[in-house]
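Results of the structural survey
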Amino acid sequence: MGCSCGSCAEEPVVELNNVDFSYSSGELVIDNACLKIMPGVSGCIVGPNGGGKSTLLKLLLGILVPERGKVRIFGKSPSESRRRIGYMPQYHQLDAAFPVSALEVTLMGRVSNRVFFRHSKADRNYALEVLAELGIADLAERNFAGLSGGQRQRVLIARALAGEPELLLLDEPTANIDPGAEEQFYGILEQLRKRMTVITVSHDLGFVNRETDLIICVNRQVATHLPAEFTAETANEIYHHSMNLIKHDHSCFCHCEGEGK
């Protein structure tokens, strides 16, 4: 869908043009994907297990390279824009038993800007400021393995923010945390979205309708919805039927100021 309002002249934060990707089996996991996310718009990636959500996230990070088409982050390849991207993995993907403090985990987000992994006093001060912003400054010297699920999630967000990103990618940020920690996370996310583009992967459809401007549906093909368009019927079709049963326009989506949310 194109835009003639003139407010989309600025460069997209994320842009995919006719992207295909497959693993060794040769079967397409991402098929002719087209996506555009403008500054000030945050999105949530949803879809069934095996539908390609993680693959799409890895394409945005530059971990995977498309077989066809182009992925652009701030107008450049993901590898060229890497320092402008923050990434929070699911904490169970990390070795929680590794003996590091919350501050040391946060400082990992500064590594790309340092030689030989050495951190300056300014790095440490910035990491402490980020931990304070997230309400966990008192955990700085605590062992990461001894923290609760919600505390670990916030430490991993701190690590992503330590690199001062303009695009933040969050993989299942509300998974395995209790309702109280989830509410705290929603408050943090609301503040982050005011100053950067945030893209999440989530299975929580309640999160989708509450915390995003744009819903990115992934089930081999990629299509987008505004939250007001994302009904129970749409969700059922995404999770229980082939994506081609949904009447999507697979041209690029451009979200402009003034469109409904």
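Residues numbered from 1 in each chain as written. Predicted model: local features only at pLDDT ≥ 70, side-chain atom pairs only at ≥ 80, totals over all residues. Heavy atoms only, no water.

1. Notes on the packing of aromatic side chains
Put simply, the rule is: Stacked, edge-to-face and tilted labels apply to pairs of Phe, Tyr and Trp rings (six-membered ring for Trp) whose centres lie within 6.5 Å, assigned for plane angles under 30 degrees, over 60, and everything in between, in that order. For the exposure calls, accessible area comes from a 1.4 Å probe over protein chains only, and a residue counts as buried if that area is under 20% of its type's maximum, exposed if over 50%, partly exposed in between. In our convention, an over-ring charge means Lys NZ or Arg CZ found within 6 Å of a ring centre and within 35 degrees of that ring's normal.
Inspection of the entire model under this criterion finds 2 aromatic pairs. Consider the rings of Phe 21 and Tyr 23, whose centres lie 4.8 Å apart with planes at 85°: the pair is edge-to-face. Judged by relative accessible area, Phe 21 falls into the buried class, the value being 7%. Classification of Tyr 23 as partly exposed rests on a relative accessible area of 37%. With a centroid separation of 6.4 Å and an interplanar angle of 50°, the aromatic rings of Phe 185 and Tyr 186 are classed as tilted. Across the pair, Tyr 186 and Phe 185 agree in class, each one buried. Against the face of Phe 74 rests Arg 84, its NZ or CZ located 3.9 Å from the ring centre. For Arg 152, the ring lying beneath its charged end belongs to Phe 144, and the centroid distance is 5.7 Å.

2. Side note on the packing of helix H3 (residues 121-133) against helix H4 (residues 149-162)
Rule in force here: As a rule, the C-alpha atoms of each element are fitted with a line to give its axis, helices using only the stretch in contact, and angles between N-to-C directions run from 0 to 180 degrees. The secondary structure listing takes helices from DSSP runs of H or I that are at least 4 residues long and strands from runs of E that are at least 2 residues long, numbered from the N terminus. Put simply, angles under 35 degrees are roughly parallel, angles over 145 are roughly antiparallel, angles from 65 to 115 are roughly perpendicular, and the rest are oblique. What makes a crossing left-handed is the near helix being turned counterclockwise from the far one by less than a right angle; a clockwise turn instead makes it right-handed. The contact rule is simple, with two residues in contact once any of their heavy atoms fall within 4.5 Å.
Here H3 crosses H4 at 135°, and the two axes come no closer than 9 Å. Considering their axes alone, H3 and H4 lie oblique with respect to each other. In this structure, the crossing between H3 and H4 has a hand that is right-handed. Contacts between H3 and H4 pair Tyr 126, Val 130 and Leu 131 from the former with Ala 158, Leu 161 and Ala 162 from the latter.

3. A word on unusual backbone geometry
Unusually for a residue other than glycine, Asn 18 sits at a positive phi of about 50°. Topologically, Asn 18 is positioned in strand S1 (residues 14-22). Given a relative accessible area of 37%, Asn 18 falls into the partly exposed group. At Glu 172, a residue that is not glycine, the phi angle is positive and equals roughly 50°. Within the secondary structure, Glu 172 sits in the loop between strand S6 (167-171) and helix H5 (179-192).

4. A few points about helix H1 (residues 53-61)
Taken across its 9 residues, H1 has 7 buried, putting it largely inside the fold. Of the residues making up H1, those classed as buried are Lys 53, Thr 55, Leu 56, Leu 57, Leu 59, Leu 60 and Leu 61. One or two residues past the end of H1 sits Gly 62, with phi positive at roughly 85°.

5. Observations regarding the side chain of Thr 212
Here is the rule we go by: N or O atoms closer than or at 3.5 Å make up a polar contact, with two conditions inside protein: a donor-capable atom paired with an acceptor-capable one, and, for residues adjacent in sequence, both atoms drawn from side chains.
Looking at the element boundaries, Thr 212 is found in the loop between helix H6 (205-210) and strand S8 (214-219). A polar contact of 3.1 Å, which involves the side chain of Thr 212, links it to the backbone oxygen of Ser 42. A polar contact is formed between the side chain of Thr 212 and the backbone nitrogen of Cys 44, at a distance of 3.2 Å.

6. Side note on the state of the cysteines
Stated formally: Two cysteine sulfur atoms make up a disulfide if the distance between them is within 2.5 Å.
In the structure shown here, the tally under the stated rule is 0 disulfides. Not part of a disulfide, Cys 44 finds its nearest cysteine sulfur in Cys 217, a span of 9.5 Å. In this structure Cys 217 comes out as buried when scored by relative accessible area, which is 0%.

7. Structural notes on the sheet that holds strand S5 (residues 85-88)
The line we're drawing: Between any two strands, pairing holds if DSSP finds at least two bridges.
Strand order in the open sheet formed by 6 strands is S5-S6-S7-S3-S8-S9, with mixed pairing between adjacent strands. Pairing within the sheet leaves two strands with one partner each, and these edge strands are S5 and strand S9 (221-225). Across the sheet, the mean angle separating the axes of adjacent strands is 20° when strand polarity is ignored. Looking at chain direction, S8 and S9 are connected through 5 bridges and run antiparallel. When the sheet's bridge partners are listed, Cys 217 is paired in S9 with Ala 223.

Function-wise, these values are silent; they only describe arrangement.
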